[in-house]
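Okay, here's what each chain looks like letter by letter:
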Amino acid sequence: MNKGFTIIEVLISLVILSIITLITSNILKSSLDTEYQTSNHLNKIKDINLSSSKIRRDLRQIVNIKSRDFYGNNMSGSFVANQGMNSIIFNSNIRSVANDVSPIKRIEYIFEDKQIKRRQYFSSNPYDQNQFIESLILRNVDDLNFSFLSSNKWHSFWPVNNASSKQIPRLIKIEFTLDKKSYKWIIEPNISYVSKNT
């Protein structure tokens, strides 16, 4: 009598091995998919936090000085947000490597092509509207709204009147939708730091 495996025993072993391989590969694929989704979600959270930090930094270093447009005309205020434009323009104190350059720079946050972009001009009153450094703050943004607090009332534009043209909003609210989730940031500019126009 031969000692060995019959063809039936070998086939049963292969079937059992195939079932085990199929189950373990499904578990492995599922764990890789979960890891990818978790990593993707954490990267989005990191991007949102970094974006929030950049915007808060600029708004907390805001400087209340008169601004001019690209043609030399006075702008409507030192902080400008025109109704329906989805952008804000202001001057901020940005440290520079060179001491011979003014630290006051014009900053513009603009919403276009489903992206929030930051534009930093090379001076507080630039004459060339194409001379700026642009950085992408957030992408895939479905909706963006700015609101500004004045006299305990939220407004969709700034300045709201002649008196507010020489002021910075008390609070700035930024609402946006990203990947079907709504976000709301309320930022208080550092009012005590803000230079006053005289």
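Residues numbered from 1 in each chain as written. Predicted model: local features only at pLDDT ≥ 70, side-chain atom pairs only at ≥ 80, totals over all residues. Heavy atoms only, no water.

What follows covers the pattern of salt bridges. In the structure shown here, the tally under the stated rule is nine salt bridges. The closest approach of N and O atoms between Arg118 and Asp58, which form a salt bridge, is 2.6 Å. In this pair, Arg118 sits in strand 5 (residues 115–121) while Asp58 sits in helix 1 (residues 7–60), placing the two residues 60 residues apart along the sequence. Pair check on accessibility: Arg118 and Asp58 agree, each one buried. Measuring nitrogen to oxygen at the nearest pair gives 3.2 Å for the salt bridge that ties Arg119 to Glu112. Judged by relative accessible area, which is 26%, Glu112 ranks as partly exposed. When salt bridges with common partners are traced through the structure, they connect Glu112, Lys117, Arg119 and Glu134 into a single cluster. (Salt bridge = Lys/Arg side-chain N within 4 Å of Asp/Glu carboxyl O. Helix = DSSP H or I, 4+ residues; strand = E, 2+ residues; numbered from the N terminus. Buried < 20%, exposed > 50% of the residue type's maximum accessible area, 1.4 Å probe, protein only.)

By definition, the strands of a sheet pair up through backbone hydrogen bonds, in either a parallel or an antiparallel sense. Overall, antiparallel pairing links the four strands, which are arranged 8-7-9-10 in an open sheet. At either end of the open sheet lies a strand with only one pairing partner, and these are strand 8 (153–155) and strand 10 (181–187). Direction aside, neighbouring strands of the sheet carry axes that sit 25° apart on average. Contacts between helix 1 and the sheet are confined to strand 9 (172–178) and strand 10, with strand 10 contributing the most and set at about 25° to the helix. (Pairing = 2+ DSSP bridges. Axes fitted to C-alpha atoms, helices over the stretch in contact; angles between N-to-C directions. Contact = heavy atoms within 4.5 Å.)

With that settled, the discussion passes to the environment of Ala163. You can see Ala163 is positioned in the loop between strand 8 and strand 9. In the structure, Ala163 is positioned 86 residues away from Gly77 in sequence and 9.5 Å away in space, judged by C-alpha atoms.

With six of its seven residues buried, strand 5 lies for the most part within the structure. Pairing of strand 4 (residues 104–112) with strand 5 involves six bridges; the strand directions are antiparallel. Each bridged residue has a counterpart across the sheet, and for Glu112 the counterpart in strand 5 is Gln115. Remark: two residues form the turn of the hairpin made by strand 4 and strand 5, two consecutive strands paired antiparallel; Asp113 in that turn has positive phi of roughly 55°.

So far we have only geometry, and geometry alone does not tell us how the molecule works.
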